[in-house]
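One letter stands for each residue in the lines below.
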Amino acid sequence: MTVEPVPQGVPSTHENPYEKENMLDPFPLYERMRAREPVLWLEEVGVWAAFMDDACREVVNDWKRFGSAGGGGVANYYREKPWREPSVIFEADPPDHTRTRQVLSRILSPGTVRALTDQARELAKECVTRAMKMDRFDVVADLAKPFVMRVVPDAVGLPEENRENLLLYNKYLIKGRTYGRHNPWTEEELEESERIVEWVREVCKRESITSDGLGAQIYEAADAGDISVHEANMLIRSFLSAGTDTTFGAISNAVLFLLQDPSQWEMLRADPSLSRNAFDEGIRFRSPAQTVARNTLEEMEFHGVQMGKYDKIIAFVGSANRDPKRWKAPDKFDIHRKVVGHLGLGGGIHGCVGQMIARMEGDLLIGELARHAKMIDLADEPFQWSQSGRAVGKLPVVVS
Ligand code: HEM
C-alpha cells in the first residue's frame, strides 16, 4: 500500500492505531496520543488524526469544512478508486446527503419506532428465555446476534435465508475502509467480497424484499421522486449494514462490562430501568465505531497544522469518549453516568440515523436479561474480541 508522505514540519507519529495489538486494546495508545498535539500525522497510514474530544467534535460536526464523500475510512476516494460503490448517505455530502437522509429520517418516525418496539419486546423475551435454559451460553452467538439479526432485517422485509452474508459484507466493509483494495487482501477475499457485494445488491432490490416493510417504504420515496430507484437500493444497503453487527456488538460489550464489574451488574438487577443508560454508557466506554472519517473540503489551518484540500482526517471518537478533559473518571464504566453527548454514535448531520432503534434494542435485551438472569457470570473460558477489535466476538457465560 502506498502511504502518503509526511508533510513537512508537522507533528507526526510512527504509532499505528490500525495495528492488530492497538485494535484489540486501543486505550493505552489513545492516552499517549492525547498527551501529544491535538492533530497529528499518522506516518504509517498517511492521514491526519485527532484524539481529543474538542478536535474530534469539530471534525465530526463541521460538515462544511470536513466532508464525508471522500470515504468513511482511511481509503481516500479523492485519490483512489473506491473499493465498492460509495454509500449514498454515509459517504455523501449535502445536497445529495440531505435528500437521502430526509427519506430515512421520515421513515424512522416515532410511530415506526413504537411499532418496532412492541415486536422487539416479545422477541427479547423469547431470546432471553431460550438462552437461560442453557447452563452456559455465548452472549454474542446465542443471545445478542440472533435478536439483532431479526429486528432490523425483519423490519426492512429482508428474506431470512443467508442473512449471515450481511456480516461477511461488513467484514469486507471494514477492511475496504481501512485498506482500500491494497494488501493485505488475499485473492480469495477479493473474489468473495465481489460475490457478497453482488448478493447485497440483489437482496436489496424491490422484488427481493416484502411489500409491507421499511424497505418498501424507501422504494415508495423513489416512486414519489424524492430519490432514484438506484439510491433506494443503496439506502437499504446502508441501513442493513450499519444496523446489524454494530448493535449486537454494542449489546455484547455492555454485558461484558457489566459482568466485569459485578457491582454494576447488581445495580442493574436492582433497577432494570437503568438498562438504556447502561447500553449507552457501554457505547461511550467502547463503541463498535471507534473512528469517524472525513476529508478536508478546503485548504485550512486546523489546531496549528496546515492541511491540504481533500486530505483525510480520522477522528478517533473512541479516544474522545475517554478524554479526561470531557469526562470525569473516563476509564470507569458507570451505569449511573450522565452519558449524553458521547461521540460513539457520531454527531452532526451524519449522526447515527438508527440510534433510537439501537437504543431500543439495547434497552430491551439488556433489561430483559437483568430481570430474568438471577446470576450469570463470566465463564472460565475467556472472552475474545472480534478481529477488528470493534466489539466482543465471543462472550461465554455460565448461568446459576
Ligand atoms: C450501537 C449501534 C450503532 C453504532 C455504534 C452506530 C454508529 C454510527 C456512527 C458513529 C455513525 C456516524 C458515521 C459518520 O459520521 O461518518 C452512524 C451513522 C449511521 N448509522 Fe449507525 N450505529 C449503530 C446502529 C445503527 C442502526 C441500528 C442503524 C439502522 C437501523 C444505523 C444506521 C446508520 C446509518 C444509515 C448511518 C449514516 C447516517 C448519515 O450519514 O447521515 N446505525 N452510525
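Residues numbered from 1 in each chain as written. Predicted model: local features only at pLDDT ≥ 70, side-chain atom pairs only at ≥ 80, totals over all residues.

Colleague: Quick rundown of the overall build of the chain? Include the residues and the values.
Modeller: What the chain contains, in helices and strands, is 15 helices and 13 strands. Taken over the C-alpha trace, the chain has a radius of gyration of 21 Å; the compact-globule value for 400 residues is 21 Å, and the two agree within 12%. By its C-alpha atoms, the chain is 60 × 50 × 40 Å across when sized along the principal axes. For the chain, the share of sequence-separated contacts (at least 6 apart) that also reach a separation of at least 24 residues comes to 74%. (Helix = DSSP H or I, 4+ residues; strand = E, 2+ residues; numbered from the N terminus. Rg over C-alpha atoms; globule rule 2.2 N^0.38 Å. Contact = placed C-beta atoms within 7 Å.)

Colleague: Describe the environment of R163, naming the residues involved and giving the relevant values.
Modeller: Here R163 is to be found in the loop between α6 (139-156) and α7 (164-179). Owing to 16 C-beta atoms within 10 Å, R163 belongs among the partly exposed residues under this scheme. As for R163 and R106, which are separated by 57 residues in sequence, their C-alpha atoms are 26 Å apart. Non-local contacts of R163, meaning those with residues more than four positions away in its chain, are made with M149, P153 and L158. (Buried ≥ 20, exposed ≤ 12 C-beta atoms within 10 Å, placed from the backbone.)

Colleague: Any chance you could break down the site of the ligand for me, citing the residues and the numbers?
Modeller: Not every one of the 27 residues close to the ligand is listed here, only the nearest: A242, G243, G346, C352 and G354. Elements that contribute at least two residues to the shell around the ligand include exactly α10 (229-242), α11 (245-260) and α15 (355-372). Residues of the shell around the ligand, tallied by class, amount to 15 nonpolar, eleven polar and one charged. (Near = placed C-beta within 6 Å. Nonpolar A, V, L, I, M, F, W, Y, C, P; charged D, E, K, R; others polar.)

Colleague: Run through α10, naming residues and quoting values.
Modeller: Look at α10: 20 Å from first C-alpha to last across 14 residues, which is about the 20 Å you get at 1.5 Å a residue. Across the 14 residues that make up α10, a large majority, eleven, are buried. When α10 is considered as a whole, its buried residues turn out to be E231, A232, N233, M234, L235, I236, R237, S238, F239, L240 and A242. Among the structural elements, α4 (96-107), α6, α7, α8 (187-203), α9 (214-223) and α11 are those in contact with the buried residues of α10. (Expected span 1.5 Å × (residues − 1).)

Colleague: Describe the sheet that holds strand β1 (residues 12-13), naming the residues involved and giving the relevant values.
Modeller: The mixed open sheet is built from six strands, whose spatial order is β1-β2-β3-β9-β6-β4. Both edges of this open sheet fall to β1 and β4 (66-67), since each of them pairs with a single strand only. Both strand β6 (residues 292-296) and strand β9 (residues 312-315) contribute to a ladder of four bridges, which runs antiparallel. Bridging from a neighbouring strand, A293 pairs with I314 of β9. Relative to the sheet, helix α3 (residues 53-61) contacts β2 (39-42), β3 (47-50), β4, β6 and β9, its axis offset from that of β9 by approximately 120°. (Pairing = 2+ DSSP bridges. Axes fitted to C-alpha atoms, helices over the stretch in contact; angles between N-to-C directions.)

Colleague: Explain helix α12 (residues 262-270) to me, using residue names and the numbers behind them.
Modeller: Listed as buried for α12 are Q264, W265 and L268. Projected onto a plane normal to the axis of α12, the buried residues spread over an arc of 100° and lie on a single side. Along α12, exposed side chains directed more than 90 degrees from the buried face belong to P262, S263, E266 and A270. For α12, the secondary structure elements touched by its buried residues are α11, α13 (275-285) and α15. (Arc of directions from axis to C-beta.)

Colleague: Could you give an account of the nonpolar core, with specific residues and numbers?
Modeller: A144, V156, L235, I251, A254, L365 and I366 are the most contacted members of the largest nonpolar core, which has 79 residues in total. In terms of nonpolar packing, the next biggest core, distinct from the first, is built from 34 residues, L29, L42, F302 and I314 among them. (Core = buried A, V, L, I, M, F, W, Y, C linked by C-beta atoms within 7 Å.)

Colleague: Tell me about the environment of H14, and please be specific about residues and values.
Modeller: Assignment of secondary structure puts H14 in the loop between β1 and α1 (20-24). Take H14: there are 8 C-beta atoms within 10 Å of it, and that puts it in the exposed class. Separated by 31 residues in the primary sequence, H14 and V45 have C-alpha atoms spaced 8.9 Å apart. Leave out the neighbours within four places in its chain, and H14 touches E43 and E44.

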